[in-house]
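One letter stands for each residue in the lines below.
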Amino acid sequence: MIYTTMKRVLVIGLLAVNISCVDLAEDPVNQLQTEYYKDISSLRAGISGSYRQLIADNWERSLQVASFRVPLMGADDFITIPGANKEDWRQFDQFYASASNSRLYRVSWSMLYDVVRQTTWNIEGANQLRGKVDEEELNAVVAEANFLRGWSYFWMVRLFGGLPLIDFTTFDESTIYSIERSSESEVYELILADLEFAAEHLPSEQPAYGYVNQWAAKAYLAEVHLTMAGWPLKLTEHYEDAATIAKDILDNSPYALMADYPSIFSKDNEANTELIWAIPLCDIADCGNGFTGSFMAKGTKPAELQGYQDMMIELSFFDRFPEGVRKDFSILSNLKVASTDTNDPFYVRDDGTVVYYKFIDYTQFGAGHPFLKKYWDGYYDPDLTATDPNQSIEPQSSLDIPMMRLAKVQLIYAEAQARADGTPSAQSYEYLNQIRRRGKGYALDAVGSDVDIANGSLSTDAFVIAVVDEKGWELLGEMNRWFDLTRTERVEEVNALRSPSEILQIQNAITKNNYYAPIPDAEIALNPRLEQNPGY
């Protein structure tokens with residue numbers, strides 16, 4: 001089974017490439033010094049270890065934890081609870097972020113620089129093999145390292161701005177801690193080079209699900225160009241590049257939209273036709289710790305389901321979210337709870353116990369908010385009451401993490417084409433309307449439905465706002481909204497819509513300084529040449 005194969009390869013990679021995480025100068029294992037890379041298989045194992053860095057710790061230091069989403073809290077989609085251990089989330093949600101934010105440092109900085117360091121010596125190790133192995137096969141394998149390094153820098157440059165560029169391997173701490181921050185433009189040059197190499201050399205499909213292919217590289221290239229066209233670089237010529245690459249994917253890739261939204265996030269339907277890249281996870285019983293996700297389980301569950309309530313849906317965002325199948329599936333807004341009233345409906349458990357129940361809406365939840373539930377398949381049974389002994393209270397989920405979907409590519413194209421040509425085309429309207437129809441619960445080809453936006457009815461600016469907002473609803477919980485808001489300079493606008501009923505209100509006036517997170521002070525202490533971002 002392909003799914004199990006990837007897990008086995010990743011574990012082999014971990015054993016062969018045993019990297020821990022401390023700081024940028026930490027010695028990986030001296031693979032280059034000991035000529036670790038002897039053939040394609042050893043390179044393959046090293047790159048598998050790079051993938052594993054993304055999911056190495058299922059609680060604190062990986063993509064599948066709520067901590068990874070801390071610096072995205074300035075968007076209008078999620079909020080957290082007062083008190084408890086949620087200070088790191090509140091700092092970004094209320095715009096008083098601190099350079100001492102521990103989750104920001106551990107996950108968004110330290111973990112991703114581990115990926116950068118590891119993929120860099122993967123790339124340098126591949127260079128040791130040139131002339132000794134088949135060049136085409138070598139490039140196809142090492143291109144995955146280029147992709148992962150480019151992806152990591154793309155994530156970080158949007159969070160922090162200019163970065164110290166680590167594109168070489170060194171074991172000299174004095175060298176690593178004398179590196180100054182490169183500009184955003186310089187970082188994007190490396191990102192483009194890495195992703196373009198990946199798009200050129202990766203195969204169109206991989207033998208194992210979860211490894212990136214050329215279409216994933218092209219999808220991120222399209223997003224990189226779209227981002228470069230907006231804030232802060234505002235190089236608008238990149239809109240045309242984004243549109244061209246996205247259209248190539250839409251016209252020539254094997255991917256297709258799923259007919260209905262819930263099927264995208266089903267455990268029985270992982271590796272579906274819409275997922276261009278996903279991070280595979282699996283049950284602890286099958287794969288051990290490190291391959292499950294707390295964000296998809298207790299991190300986004302209310303206390304009534306024994307959740308941690310790290311992140312919940314903002315009230316205003318919930319109110320603005322269009323009604324339909326997508327909203328009902330994505331968001332928990334009511335909950336079946338036990339009742340003592342024998343006039344209420346009931347069900348009978350297998351042991352013969354009669355359970356009376358009623359429904360409460362989110363205003364009656366202890367936190368007073370709706371919650372994200374699109375990742376709960378297999379970890380929540382809506383037919384049972386919250387306290388039923390058979391209700392899942394697992395702290396972790398094995399549902400795969402969607403990283404890039406075809407729906408996102410359609411919306412990237414729609415926005416980029418509209419900006420590049422100065423007006424949205426009929427095709428761009430159709431790509432947007434397909435996503436809107438499915439969200440309502442209609443067929444993708446239900447042209448002329450009551451949720452369609454008529455061709456030519458919007459100005460270019462209004463069309464782009466419609467596309468960006470649609471992405472916010474379509475990709476809820478997929479780590480997209482904050483980046484769309486910063487590049488389109490709408491952070492202030494959407495946060496002004498925060499409900500006055502929210503207990504947590506924004507503490508400081510939002511400025512462009514808030515668009516970037518602070519450089520972690522722990523890193524500046526190690527390298528004083530790293531200049532702090534303005535406002536921190």
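In this text the structure is predicted, and so the values were computed from the model without any measurement.

A.B. asks: Sorry if this is basic, but what is going on with the overall build of the protein here?
C.D. replies: A tally of regular secondary structure across the protein gives 18 helices and nine strands. A compact globule built from 536 residues should have a C-alpha radius of gyration of about 24 Å, and the protein, at 23 Å, falls within 12% of that. A principal-axis box enclosing the C-alpha atoms of the protein has dimensions of 80 × 55 × 45 Å. Taken over 536 residues, the protein has a buried fraction of 61%.

A.B. asks: How do you make sense of the confidence of the model for the protein when you look at a structure like this?
C.D. replies: Note: predicted coordinates in regions of low pLDDT should not be interpreted at a detailed level. With 91% of its residues at a pLDDT of 70 or more, the protein shows a mean pLDDT of 90. Per-element mean pLDDT across the protein ranges from 29 in helix H1 (residues 2-16) up to 99 in helix H13 (residues 406-421). In the predicted structure, residues 1-34 sits below a pLDDT of 50 and forms 88 contacts with residues beyond four places in sequence or in another chain.

A.B. asks: I would appreciate a short explanation of the packing of helix H8 (residues 214-229) against helix H9 (residues 238-252) in the present structure.
C.D. replies: Helix-helix packing is described using two parameters, namely the angle between the two axes and the distance between the axes. In contact at an axis separation of 7 Å, H8 and H9 are set at 155° when each is read in the N-to-C sense. Here H8 is positioned roughly antiparallel relative to H9, judged by the angle of their axes. Crossing hand, H8 versus H9: left-handed. Taken together, the residues of H9 that come into contact with H8 (itself represented by Trp 215, Lys 218, Ala 219, Leu 221, Ala 222, His 225, Leu 226, Met 228 and Ala 229) are His 238, Tyr 239, Asp 241, Ala 242, Ile 245, Ala 246, Asp 248, Ile 249 and Asn 252. Along the lines of polarity and charge, the residues of the contact of H8 with H9 split into twelve nonpolar, three polar and three charged.

A.B. asks: Just to check I follow, could you spell out the side chain of Arg 405 for this structure?
C.D. replies: With respect to the secondary-structure elements, Arg 405 resides in strand E9 (residues 401-405). A polar atom in the side chain of Arg 405 sits 2.8 Å from the side chain of Glu 478. In this structure Arg 405 touches Tyr 261, Ile 264, Phe 265, Glu 274, Leu 275, Ile 276, Lys 374, Arg 438, Glu 474, Leu 475 and Glu 478, once residues within four positions along its chain are discounted.

A.B. asks: Got a minute to help me understand helix H7 (residues 184-201) in this structure?
C.D. replies: Along an α-helix, residues three or four apart share an orientation, since each turn contains 3.6 residues. Here H7 spans 26 Å end to end across 18 residues, near enough to the 26 Å set by a 1.5 Å rise per residue. Within the sequence span of H7, burial applies to Val 187, Tyr 188, Leu 190, Ile 191, Leu 192, Asp 194, Leu 195, Ala 198 and Ala 199. Buried positions along H7 lie against helix H5 (135-160) and H8.

A.B. asks: What is the right way to look at the sheet that holds strand E7 (residues 354-361) in this model?
C.D. replies: Each strand in a sheet pairs with its neighbour through backbone hydrogen bonds, running either in the same direction (parallel) or in the opposite one (antiparallel). Strand order across the open sheet formed by three strands is E5-E7-E6, with antiparallel pairing between neighbours. One side of each edge strand has no neighbouring strand; the edge strands of this open sheet are strand E5 (334-338) and strand E6 (346-348). The average angle at which neighbouring strand axes cross in this sheet is 35°, direction not considered. Pairing of E5 with E7 involves five bridges; the strand directions are antiparallel. Counterpart to Asn 334 in the pairing with E7 is Asp 361.

A.B. asks: What is the right way to read the environment of Asp 377 from this model?
C.D. replies: Examined against the element boundaries, Asp 377 turns out to sit in the loop between strand E8 (371-372) and E9. Residue classification places Asp 377 among the partly exposed residues on the basis of a relative accessible area of 32%. For Asp 377 and Ile 276, which are 101 residues apart along the polypeptide, the C-alpha to C-alpha distance reads 20 Å. In this view, Asp 377 contacts Phe 265, Ser 266, Lys 267 and Asp 268; residues no more than four positions away in its chain are not counted. At a separation of 2.7 Å, a polar atom in the side chain of Asp 377 contacts the main-chain amide nitrogen of Lys 267.

Calculation rules
- Residues numbered from 1 in each chain as written.
- Predicted model: local features only at pLDDT ≥ 70, side-chain atom pairs only at ≥ 80, totals over all residues.
- Heavy atoms only, no water.
- Helix = DSSP H or I, 4+ residues; strand = E, 2+ residues; numbered from the N terminus.
- Rg over C-alpha atoms; globule rule 2.2 N^0.38 Å.
- Buried < 20%, exposed > 50% of the residue type's maximum accessible area, 1.4 Å probe, protein only.
- pLDDT = per-residue confidence, 0-100.
- Contact = heavy atoms within 4.5 Å.
- Axes fitted to C-alpha atoms, helices over the stretch in contact; angles between N-to-C directions.
- Parallel < 35°, antiparallel > 145°, perpendicular 65-115°, else oblique.
- Left-handed = near helix turned anticlockwise from the far one by under 90°.
- Nonpolar A, V, L, I, M, F, W, Y, C, P; charged D, E, K, R; others polar.
- Polar contact = N/O pair within 3.5 Å; in protein donor to acceptor, adjacent residues only side chain to side chain.
- Expected span 1.5 Å × (residues − 1).
- Pairing = 2+ DSSP bridges.

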